[in-house]
Amino acid sequence: MARNPLTLVPNIITIARIAAIIPIVWLVMDGDLTLRIIALVLYVVAAASDWVDGFLARAWNQYSDLGRMLDPIADKLLVGILIAALAWQGSFSGWDMIPVCAILFREFFISGLREFLGNTSVVLPVSQLAKWKTTIQLVALAVVLVEPLIPGLRLVSDVVLWAAGAITLWTGWNYLRASWPHLVGTTAK
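Everything numeric in this text was worked out from a predicted model, so none of it was measured. (Residues numbered from 1 in each chain as written. Predicted model: local features only at pLDDT ≥ 70, side-chain atom pairs only at ≥ 80, totals over all residues. Heavy atoms only, no water.)

1. A short note on the pattern of salt bridges
Within the structure shown, the criterion is met by 11 salt bridges. Measuring nitrogen to oxygen at the nearest pair gives 3.5 Å for the salt bridge that ties R17 to D50. Note that R17 is positioned in helix α1 (residues 9–30) and D50 in helix α2 (residues 33–59), a separation of 33 residues in sequence. Both residues of the pair, R17 and D50, count as buried. What you see here is one network of salt bridges that share partners, running through R17, D50, D53, D71 and D75. (Salt bridge = Lys/Arg side-chain N within 4 Å of Asp/Glu carboxyl O. Helix = DSSP H or I, 4+ residues; strand = E, 2+ residues; numbered from the N terminus. Buried < 20%, exposed > 50% of the residue type's maximum accessible area, 1.4 Å probe, protein only.)

So, in structure tokens, the structure goes:
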């Protein structure tokens, strides 16, 4: 008898990561530095849970279609909604919006591309660099969260954010190149 995917520990962790977005964003948007520290702690736990749920799924052989669907969605929600909150709160400079927009563009575009290709039975496997891309995005946002708490961190924050934007675009370009023959109908049938 198959187990209910909602009772699998990795899926519970993924769902908790999604639920954590609400208090993280609320705490960030309040603008209080003490609440930002709490938001940072919650964010780090949520970001780390991305690795934990994958590790447990592999270690305990607790794979499910629900988990395969929810895990990347949880990552994109955490990154995308936190970016929106940080932009609203004023944590990004005008120049920061370039890598931020690159990150958001790639995440939406590649998700749409995967959905489109899903109708053609073409699968774009997640590359190792794309996994690192998610990690670098999560780290970059953590540094942006820390920036008001540690004077002089602006340059580090900018460098990490731009690195995340560059790697994000690179992985998006790689997926687009790999899928291009399927998009223009030049693949052998």
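2. Some details on α2
With 27 residues, α2 extends 38 Å between its outermost C-alpha atoms, agreeing within 8% with the 39 Å of an ideal straight helix rising 1.5 Å per residue. Taken as a whole, α2 carries its principal kink of about 30° at S49. Measuring from the backbone nitrogen of T34 back to the side-chain oxygen at the start of α2 gives 3.1 Å, which picks out D32 as the cap. Downstream of α2 by one or two residues, N61 has phi in the positive range, about 50°. (Expected span 1.5 Å × (residues − 1). Bend = angle between axes of the 7 residues up to and from the residue. Polar contact = N/O pair within 3.5 Å; in protein donor to acceptor, adjacent residues only side chain to side chain.)

3. Here's the deal with the environment of A140
Residue position: A140 is located in helix α5 (residues 128–146). Taking C-alpha positions, A140 is 5.3 Å from V160, a pair spaced 20 residues apart along the chain. The residues touching A140, leaving out its near neighbours within four places in the chain, are V160, L161 and A164. (Contact = heavy atoms within 4.5 Å.)

4. Considering the packing of helix α4 (residues 97–118) against helix α6 (residues 154–184)
Packed helices, taken two at a time, are described by the angle their axes make and the gap between the axes. Contact geometry for α4 and α6: axes closest at 9 Å, N-to-C directions at 25°. Our classification of the angle between α4 and α6 gives roughly parallel. Viewed along their axes, α4 and α6 form a crossing whose handedness is left-handed. Partitioning the contact of α4 with α6 into residue classes produces 17 nonpolar, six polar and three charged. (Axes fitted to C-alpha atoms, helices over the stretch in contact; angles between N-to-C directions. Parallel < 35°, antiparallel > 145°, perpendicular 65-115°, else oblique. Left-handed = near helix turned anticlockwise from the far one by under 90°. Nonpolar A, V, L, I, M, F, W, Y, C, P; charged D, E, K, R; others polar.)

5. A closer look at the packing of aromatic side chains
Each pair of aromatic rings is reported with the distance of its centres and the angle of its planes. Summed over all chains, the structure comprises two aromatic pairs. Measuring from ring centre to ring centre gives 5.1 Å for W51 and F55, while their planes differ by 15°; the resulting arrangement is stacked. Of this pair, W51 and F55 are both found in helix α2, four residues apart, which corresponds to roughly one turn of the helix. A relative accessible area of 39% places F55 in the partly exposed class. Taken together, a centroid distance of 5.6 Å and an interplanar angle of 10° make the contact between F105 and F109 stacked. With F105 and F109 both in helix α4, this residue pair falls four residues apart, about one helical turn. According to the relative accessible area criterion, F105 is exposed, its value standing at 53%. (Phe/Tyr/Trp six-rings, centres within 6.5 Å; stacked < 30°, edge-to-face > 60°.)

6. Let's talk about a nonpolar patch on the surface
On the surface, M69, I73, L77 and I81 cluster together into a nonpolar patch covering about 300 Å² of accessible area. Checked against the element boundaries, I73 lands in helix α3 (residues 65–89). Classification of I73 by relative accessible area gives partly exposed; the value is 36%. (Patch = residues over 30% accessible without salt bridge, like charges linked within 9 Å, V, L, I, M, F, W, Y side chains within 5 Å. Areas by Shrake-Rupley, 256 points an atom, 1.4 Å probe, with all protein chains shown as cover.)

7. What about the confidence of the model for the protein?
With 97% of its residues at a pLDDT of 70 or more, the protein shows a mean pLDDT of 90. For the protein, per-element mean pLDDT is lowest for α4, which scores 90, and highest for α1, which scores 96. (pLDDT = per-residue confidence, 0-100.)

8. A short note on unusual backbone geometry
Although it is not a glycine, N61 sits at a positive phi angle of roughly 50°. With respect to the secondary-structure elements, N61 resides in the loop between α2 and α3.

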